[in-house]
Amino acid sequence: MNDPLRNEYDVVGRPTPKKDGILKALGRAEYADDISMPGMLHGKLLRSPHPHARIVRIDISRAQALPGVRAVVTGKDFPGVKYGNLPQTRDYLPLAIDTVRYIGEEVAAVAAIDEDTAEEALDLIEVEYEPLAAVFDPEQAMLPGAPLVHDNATANVSAQVAFEFGEVDKAFSRADYVREDVYETQPVKQGMLEPHACVGQWDNSGKITLWSCKMSPYVVWRQLAMGLGVELGSVRVVQTVVGGGFSGGKQEAMPMDFCAVMLSRKTGRPVKIVHTMDEVLTIGHMRHPMKISLRTGTDKNGRILAQHCKMIANGGAYSSIGGFSMYLAGAMLNIPYRIPNIRYEAKRVYTNNGFCGALRGHTNTQICFARDSQLELIAADLGVDPIEIRHRNALQPGDETSNGFRIGTFAFDECIDRVVQLSGWREKRGKLPKYRGIGFGCGSHISGARLMGHSASAAEIRVQEDGTVHLSTGSTDVGQGADTVLSMIAAEVLGVEVNDVRFALVDSDSTPVDPGTFGSRVTFFTGNAVKRAAEDARRQLAEIAGQRMKANPDDLVFRGREIISRRDDRQRMSLKDAVRWGAFQTGRLVISHGTYAAGDEKIDFRTGHGNLSPAYNPSACAVEVEVDPETGQVKVVGFWGADDSGFPLNPLAVKGQVIGATVMSFGHALYETLVRIDGKVMNPSFRDYKMPLTTDVPKLTDFQHSNVITWEPEGPFGAKEAGQGAGTGVIAALANAIYDATGVRLNSLPLSPDRIRFAIKQKYETERAGKESPVAAE
């Protein structure tokens, strides 16, 4: 069968879709839910109505007999091999076999001639359940006698991380000031507009092909092979255009992927499965809800001496990448402030809720909310200016954090000062009208991570005889503009236009293997690989042109699609002529490769020590709000931010990423939460799951962001992370602004109107009672 995604390339390097309409207008390949193949069937998944139950029996006979149904699968159709990211976290099955652990867990799947028939067939599947005791709160889940979500998890702890650096107890004992606060965050979803979708095919030769909108296709490739019990060579994963994923929503293999290919095996036809938005908002991969206890000791001037963080995360029913999430939250405590002595204890707990994974700012967002909210309180108690306390504790270039992060370029002080200037902080702080306030927040993020397993990126370049450049990597564009910036890097090195670079979508049969798109790694890691591949191609072309022009290859420069001698610019030849002459006369094809692994150093996850990333990005922001005391409604009237993203290679794309990260944090702070009662999501639609609208964002004149330009020597052309760090300090800034406007401090998210109104009312009643008491009168 012809590959439905194998199309001609257009001038901007994207495959041109065969269909008309908006996709053609955008010049983009097909989304997974738009794929149509000859004989294709449509699949649907049956989900558990119980948060915890034993499956006694499943009867699929009535569903199989329904006209139009071609196949039904259950967990027993799979080999029963659990899959996941690490040996200790492999707890997924393609479909539940004996036990369901959250409402919405997949139990069976149907393939039929259309979606309506498949939906009807689901109603005909009879499942007999034996309900089991369930637990939804992580602290209750750890109590003696609590029902176990997984029998092998003592006290329902799915992962725990603990580390200590420095002399924490001694530092607290000599501190002039110690403060402890507890902060809580809520479950939040990615909010991508494209639901999960895939097309699976298992052909007669045994080849398994999955077309799907994945952020990390090679992760899915490995997990599919694992869960299906087949060799990697039998599996092919083809990336379709990704309609949003937000650093976690589409990272892993899902039951729909396994079911699509297994249903195809049974029917001999391709099977497409597309989730509804109700399903997307019910199942896993959401942001971890956390309870963060933060104890901080400082000297009398506000310099941090020690910090002790204890955290409990509600992980839901399965592990996903929760173990790394727990490490990362503690690691990110170390930036952007100097904390010489630090102790961190975290537990991720199984509960009978939808499971959690990564989401933009992966755990860093929650940590920054707690830390910068508390820092504001410390400053107030000590009588230190909130800007000055941040300067006094700011990490500097050349520092090494207590956990081993080596800080290179890090213009944190400059970011703080830039925001103070842009926002008019000095003129506004403490001088705004009642119920109007301004708050400050800071954060930081990594430029990719050195992991225990696969960290390196690779790129391949083929220069064609028409002078165009075919670039392939294993990294995906998920809307962040990776295809564009990687093409720009190759074009810059080879002296061609971006339009001359054709960028292939990921195909595990032909593109380089890659960890995927997460952790703000693509521009840095894959960008360096592309740069090295382009430099290798340039070297090959210089040798060919030097032989043809009888010139020293070292004297040749690449500019305007030509190869020119710097000694005599009359000596020149076009890139395409060089490629053609090399191929026709010498048999040389210009094929190059490049890799980047950020060195050999790895994190010691037993101790938490090591340099996690080759570069770090600090950020600062100020938010101005108006609060309606009658309703508790918050209006964001101004935002000003600055970050050190190194040298922005595509300034417009960087701006878009920064605005996106900021607005997502608006949503996390003010609007978004999954409302769950006994494990059931009560708001599984965008009508009820509230996200920011354009009307909730300040007008452009009051929504400003500035890049503090540095040059990161390790990054491609000086670039660093730009897509996540700018959003990490926003929630704390909003909490601090609401406090400035109202005098009420909220330590639990979301900062919703009902909570704000209740807190204002409670503050008013307390103040009134104080005034009316005899003691207060005296």
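Conventions used here
- Residues numbered from 1 in each chain as written.
- Predicted model: local features only at pLDDT ≥ 70, side-chain atom pairs only at ≥ 80, totals over all residues.
- Heavy atoms only, no water.
- Helix = DSSP H or I, 4+ residues; strand = E, 2+ residues; numbered from the N terminus.
- Buried < 20%, exposed > 50% of the residue type's maximum accessible area, 1.4 Å probe, protein only.
- Lys, Arg positive; Asp, Glu negative; His and termini not counted.
- Charge placed at Lys NZ, Arg CZ, Asp CG, Glu CD.
- Polar contact = N/O pair within 3.5 Å; in protein donor to acceptor, adjacent residues only side chain to side chain.
- Pairing = 2+ DSSP bridges.
- Axes fitted to C-alpha atoms, helices over the stretch in contact; angles between N-to-C directions.
- Domains from an automatic or database assignment.
- Contact = heavy atoms within 4.5 Å.
- Buried area = accessible area lost by both parts, 1.4 Å probe.
- Salt bridge = Lys/Arg side-chain N within 4 Å of Asp/Glu carboxyl O.
- Core = buried A, V, L, I, M, F, W, Y, C linked by side-chain atoms within 4.5 Å.
- 1 Å grid on protein atoms, 1.4 Å probe; cavity = no way out; pocket = protein on both sides within 12 Å on 5 of 7 lines; lining within 4 Å.
- Points joined across faces, edges and corners; volume = space filled by probe spheres on them.
- Nonpolar A, V, L, I, M, F, W, Y, C, P; charged D, E, K, R; others polar.
- pLDDT = per-residue confidence, 0-100.
- Arc of directions from axis to C-beta.
- Parallel < 35°, antiparallel > 145°, perpendicular 65-115°, else oblique.
- Left-handed = near helix turned anticlockwise from the far one by under 90°.

Caption draft 1: Examining the overall build of the protein chain more closely. When you go through the protein chain residue by residue, the secondary structure sums to 20 helices and 28 strands. The buried share among the 778 residues of the protein chain stands at 61%. Seen as two clouds, the 87 positive and the 95 negative side-chain charges of the protein chain have centres 2 Å apart.

Caption draft 2: Spatial organisation of the side chain of Ser 402. Residue position: Ser 402 is located in the loop between helix H11 (386-393) and helix H12 (412-423). One polar contact links Ser 402 to Asn 334, side chain to side chain, over a distance of 3.0 Å. In this structure the side chain of Ser 402 is engaged in a polar contact, spanning 3.3 Å, whose partner is the backbone oxygen of Ile 339.

Caption draft 3: Up close: the sheet that holds strand E14 (residues 304-316). Read across the open sheet, the 5 strands follow the order E7-E15-E14-E13-E8; overall the sheet is mixed. Of all the strands in the sheet, the pair left with one neighbour each is strand E7 (157-165) and strand E8 (177-184). Going across the sheet, the axis of each strand differs from the next one's by a mean of 5 degrees, ignoring polarity. Note that strand E13 (residues 290-298) and E14 share 9 bridges and pair antiparallel. Considered in E14, the bridge of Thr 296 is made with Gln 307.

Caption draft 4: Examining the domain arrangement of the protein chain more closely. Assigned domains of the protein chain: these are domain 1 (21-28 + 456-596), domain 2 (35-133 + 190-282) and domain 3 (386-450 + 605-761). On a C-alpha basis, the centroid separation for the pair domain 1 and domain 3 is 37 Å. The interface is formed by 18 residues belonging to domain 1 together with 20 residues belonging to domain 3. Summed over both partners, the interface of domain 1 with domain 3 buries about 1400 Å², with 68% contributed by carbon and sulfur atoms. Considering only the side of domain 1, the residues that lose the most area to domain 3 are Ser 520, Phe 524 and Phe 525, jointly responsible for 38% of the buried surface there. Put simply, domain 1 and domain 3 have 0 salt bridges between them. At the junction of domain 1 and domain 3, the tally comes to 6 residue pairs in polar contact (both at pLDDT 80 or more).

Caption draft 5: Region of the structure containing the nonpolar core. Grouped together as the largest cluster of nonpolar side chains are 89 residues, with contacts concentrated most on Phe 440 and Leu 734. Listed in part, the 43 residues of the second largest apolar core include Ala 491, Phe 524, Val 530 and Ala 542.

Caption draft 6: Spatial organisation of empty space enclosed by the protein. Tallied over the entire structure, the rule returns 4 cavities of 30 Å³ or more. A volume near 140 Å³ is recorded for the largest cavity. Around the largest cavity, the lining comprises 17 residues; the ones closest to its centre are Tyr 92, Tyr 102, Glu 106, Pro 255 and Phe 355. Considering only residue class, the lining of the largest cavity consists of 13 nonpolar, 2 polar and 2 charged. A total of 4 residues in the lining of the second largest cavity trace back to one element, the largest contributor, which is helix H17 (residues 651-670). Of the residues assigned to the lining of the second largest cavity, the class counts are 5 nonpolar, 6 polar and 4 charged.

Caption draft 7: Spotlight on the pattern of salt bridges. Per the counting criterion, the structure on display carries 46 salt bridges. Between Arg 392 and Glu 388 there is a salt bridge, and its shortest N-O distance comes to 3.1 Å. Here Arg 392 and its partner Glu 388 are both found in helix H11, 4 residues apart, which amounts to about one turn of the helix. Its relative accessible area of 32% is what places Glu 388 among the partly exposed residues.

Caption draft 8: Summary view of the confidence of the model for the protein chain. Averaged over the protein chain, the pLDDT score is 92; the fraction of residues at 70 or greater is 95%. This model gives residues 1-29 a pLDDT under 50, and the stretch forms 69 contacts once residues within four places in sequence are excluded. Counting interchain partners and residues more than four positions distant, the pLDDT-below-50 stretch residues 774-778 has 3 contacts.

Caption draft 9: Highlighting H11. Residues of H11 that are buried: Pro 386, Ile 387, Ile 389, Arg 390 and Asn 393. One side of H11 carries all its buried residues, which in axial view fall inside an arc of 165 degrees. Those residues of H11 that are buried are in contact with E14, helix H10 (364-382), H12, helix H13 (425-428), strand E16 (436-446) and helix H18 (730-742).

Caption draft 10: Expanded view of the sheet that holds strand E11 (residues 235-239). Reading across from one edge, E3-E5-E1-E12-E9-E10-E11 is the order of the 7 strands in this open sheet, with mixed pairing throughout. Taken across any chain shown, the strands that pair with only one partner, and hence form the sheet edges, are strand E3 (69-74) and E11. Sheet twist, expressed as the mean angle between neighbouring strand axes with direction ignored, is 25 degrees. The sheet contact formed by strand E10 (residues 208-212) and E11 spans 5 bridges and is parallel. Bridge assignment links Ser 212 to a residue of E11, and that residue is Gln 239. In the packing of helix H6 (residues 217-228) onto the sheet, the strands contacted are strand E9 (197-202), E10 and E11, and the crossing angle to E11 comes to about 150 degrees. Set on the sheet, helix H7 (residues 255-267) makes contact with strand E1 (41-47), E3, strand E5 (106-112), E9, E10 and strand E12 (271-274); between it and E9 the angle comes to about 35 degrees.

Caption draft 11: Molecular detail of the packing of H11 against H12. Here H11 crosses H12 at 165 degrees, and the two axes come no closer than 10 Å. Relative to H12, the element H11 lies roughly antiparallel. H11 and H12 meet at a crossing whose hand is left-handed. Across the interface between the two elements, Ile 387, Arg 390 and His 391 from H11 touch Asp 413, Ile 416, Asp 417 and Val 420 from H12. Here the contact of H11 with H12 is composed, by residue class, of 3 nonpolar, 1 polar and 3 charged.

Caption draft 12: Looking closely at the packing of H10 against H18. Two elements in contact, H10 and H18, have axes whose closest approach is 7 Å; the angle formed by their N-to-C orientations is 35 degrees. Once H10 is placed against H18, the crossing between them reads as right-handed. Note on element contacts: H18 touches H10 through Ile 731, Ala 732, Ala 735 and Asn 736, opposite Thr 365, Cys 368, Phe 369, Asp 372, Ser 373 and Glu 376. For the contact of H10 with H18, the class distribution of residues is 5 nonpolar, 3 polar and 2 charged.

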